[in-house]
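Here's the letter readout for the chains.
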Amino acid sequence: TSNVKSYGGELNVDKLVVGVLQKGETIDATIPGCSQYREIKREYFDISGDVLDVTLKLANQQDYSLVFWAYNSGSDFYDLSDLSQIKMNIPNGVVAYADMEKMDAFYATILDFTMEEGIDTYPQKVMMERPLAQINVGTTGTPVPAVFSASSVCDTFHPMWKGLSGRVDVYWKFEEISDEV
């Protein structure tokens with residue numbers, strides 16, 4: 001994670017969920033990964049540090065795709081009920097300044113691989129990245145409480161094809177003052 005910096009200087013994720021999916025019907029053949037996926041298995045791992053070893057048991061001679069999603073387990077900003085389309089949960093469209101760091105999330109995918117007979121491991125290094133841009137808002141001069149808004153923000157992320165959908169208006173409330181730069 002040395003190439004990733006969170007606003008607070010720390011990565012604010014403490015949980016990794018890994019979804020094992022199998023491919024279904026193709027939605028758009030011109031976009032790699034743009035198919036329907038069915039989740040068949042899910043495992044959770046605690047994160048402490050920059051590197052995490054993940055071991056999954058998978059059946060041989062099966063085709064799989066994997067979704068990795070790292071997030072802050074103390075928040076419920078993301079609906080993880082379907083890892084092929086992760087939706088933001090923002091009550092009333094308002095995010096308080098104190099909760100912004102809890103929105104941090106990272107993802108990675110491994111698409112369409114087959115577990116071959118006689119192979120016990122499928123070693124793969126996975127580099128995770130932010131699925132959405134991180135917006136940092138600051139002030140110069142005397143800080144004052146404010147509201148920053150964004151209209152028609154996509155609220156659903158499709159990790160298998162890196163697509164966005166849905167629309168929501170979001171408001172970030174700055175009632176606290178920070179001396180962080």
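Structural data are supplied above this passage.
> I keep staring at the overall build of the protein chain and nothing clicks. Help me out?
When you go through the protein chain residue by residue, the secondary structure sums to 0 helices and 11 strands. For the protein chain, the sequential pattern of α-helices and β-strands runs β-β-β-β-β-β-β-β-β-β-β. Across the 181 residues of the protein chain, 33% fall into the buried class. The contacts in the protein chain between residues at least 6 apart in sequence include a share of 67% that link residues at least 24 apart. Counting every atom, the protein chain has about 11000 Å² of accessible surface; 49% of that belongs to carbon and sulfur.

> Would you explain unusual backbone geometry in this entry?
Note: most residues except glycine have negative phi, and most peptide bonds are trans. For Asp112, which is not a glycine, the phi torsion comes out positive at approximately 45 degrees. Among the secondary structure elements, Asp112 is positioned in strand 7 (residues 105–114). Located in the positive-phi region is Lys162, a residue other than glycine, with phi close to 55 degrees. Mapped onto the fold, Lys162 is located in the loop between strand 9 (156–158) and strand 10 (163–165).

> Got a minute to help me understand the packing of aromatic side chains in this structure?
Centre distance and the angle of the planes are the two values used to describe a pair of aromatic rings. Taken as a whole and assessed by the stated rule, the structure comprises 4 aromatic pairs. The interplanar angle of 40 degrees and the centroid separation of 6.4 Å between the aromatic rings of Trp69 and Phe157 together place this pair among those described as tilted. Taken together, the residues span a long stretch of sequence, with Trp69 in strand 3 (residues 63–71) and Phe157 in strand 9 at a distance of 88 residues. Each member of the pair Trp69 and Phe157 is classed as buried. Plain terms: the ring middles of Tyr107 and Phe157 are 4.8 Å apart, the flat faces sit at 70 degrees to each other, and that makes the pair edge-to-face. Of this pair, Tyr107 sits in strand 7 while Phe157 sits in strand 9, placing them 50 residues apart in sequence. Judged by its relative accessible area of 4%, Phe157 is buried. By the ring-pair criterion, three or more aromatic residues cluster together here, those being Trp69, Tyr78, Tyr107 and Phe157.

> Mind showing me how you'd approach the environment of Leu58 here?
Tracing the backbone shows Leu58 in the loop between strand 2 (35–46) and strand 3. Placed 17 residues apart in sequence, Leu58 and Lys41 show a C-alpha to C-alpha distance of 9.4 Å. Dropping the residues within four chain positions of it, Leu58 is found in contact with Val20, Tyr64, Phe113 and Met115.

> When you look at the sheet that holds strand 8 (residues 146–153) in this model, what are you seeing that I'm missing?
Strand pairing in a sheet is mediated by backbone hydrogen bonds. Such pairs are either parallel or antiparallel. Taking strand neighbours across the sheet as the criterion, the 3 strands line up as 6-11-8 in an open arrangement whose pairing is mixed. Edge positions in the sheet fall to strand 6 (94–96) and strand 8, since each of these pairs with one other strand and no more. Looking at each pair of strands side by side, their axes are set apart by 20 degrees on average, direction ignored. Alignment of strand 8 against strand 11 (residues 168–174), held across 6 bridges, turns out to be antiparallel.

Definitions and cut-offs
Residues numbered from 1 in each chain as written. Predicted model: local features only at pLDDT ≥ 70, side-chain atom pairs only at ≥ 80, totals over all residues. Heavy atoms only, no water. Helix = DSSP H or I, 4+ residues; strand = E, 2+ residues; numbered from the N terminus. Buried < 20%, exposed > 50% of the residue type's maximum accessible area, 1.4 Å probe, protein only. Contact = heavy atoms within 4.5 Å. Areas by Shrake-Rupley, 256 points an atom, 1.4 Å probe, with all protein chains shown as cover. Phe/Tyr/Trp six-rings, centres within 6.5 Å; stacked < 30°, edge-to-face > 60°. Pairing = 2+ DSSP bridges. Axes fitted to C-alpha atoms, helices over the stretch in contact; angles between N-to-C directions.

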